[in-house]
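Listed below, chain by chain, are the residues.
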Amino acid sequence: MYEFELHQIRSAELRRQAANERLAREAVRGARAARREQARQARQAAEGEVHTDRPRRHLFARAS
């Protein structure tokens, strides 16, 4: 009977440990997804802006 109780205690401890590890992985996954989303939003915001100082067209026509 003593061994059975030890087995139950150990099993419960392993379940708690697995649940804690699962929560930790979920937190890491959530943080990673938030960073990815933030980077995606930053890229979308930057797409509309022009970051060059060059004019889009040449100032003078090409000589033939």
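Residues numbered from 1 in each chain as written. Predicted model: local features only at pLDDT ≥ 70, side-chain atom pairs only at ≥ 80, totals over all residues. Heavy atoms only, no water.

Enquirer: Teacher, can you tell me more about the overall build of the chain here?
Expert: When helices and strands are counted, the chain shows one helix and zero strands. As displayed, the chain has an accessible area near 6800 Å², and 54% of this comes from carbon and sulfur atoms. (Helix = DSSP H or I, 4+ residues; strand = E, 2+ residues; numbered from the N terminus. Areas by Shrake-Rupley, 256 points an atom, 1.4 Å probe, with all protein chains shown as cover.)

Enquirer: Quick question: what am I supposed to make of a nonpolar patch on the surface here?
Expert: A cluster of nonpolar side chains, contributed by Tyr-2, Leu-6 and Ile-9, occupies part of the molecular surface with about 360 Å² of accessible area. Along the chain, Ile-9 turns up in helix α1 (residues 2–47). You can call Ile-9 exposed: its relative accessible area is 56%. (Patch = residues over 30% accessible without salt bridge, like charges linked within 9 Å, V, L, I, M, F, W, Y side chains within 5 Å. Salt bridge = Lys/Arg side-chain N within 4 Å of Asp/Glu carboxyl O. Buried < 20%, exposed > 50% of the residue type's maximum accessible area, 1.4 Å probe, protein only.)

Enquirer: I tried to follow the pattern of salt bridges on my own but got confused; where do I start?
Expert: Close approach of charged atoms allows side chains of opposite charge to pair. Per the stated rule, a full pass over the model turns up two salt bridges. Between Glu-13 and Arg-16 there is a salt bridge; the shortest N-O distance is 3.1 Å. In this pair, Glu-13 and Arg-16 both sit in helix α1, three residues apart, roughly one turn of the helix. Judged by relative accessible area, which is 36%, Glu-13 ranks as partly exposed. Residue classification places Arg-16 among the partly exposed positions, given a relative accessible area of 48%. One salt bridge in this structure joins Arg-40 and Glu-37, with 2.4 Å as the shortest N-O distance. Remark: Glu-37 and Arg-40 occur in helix α1; sequence separation between them is three residues, near one turn of the helix.

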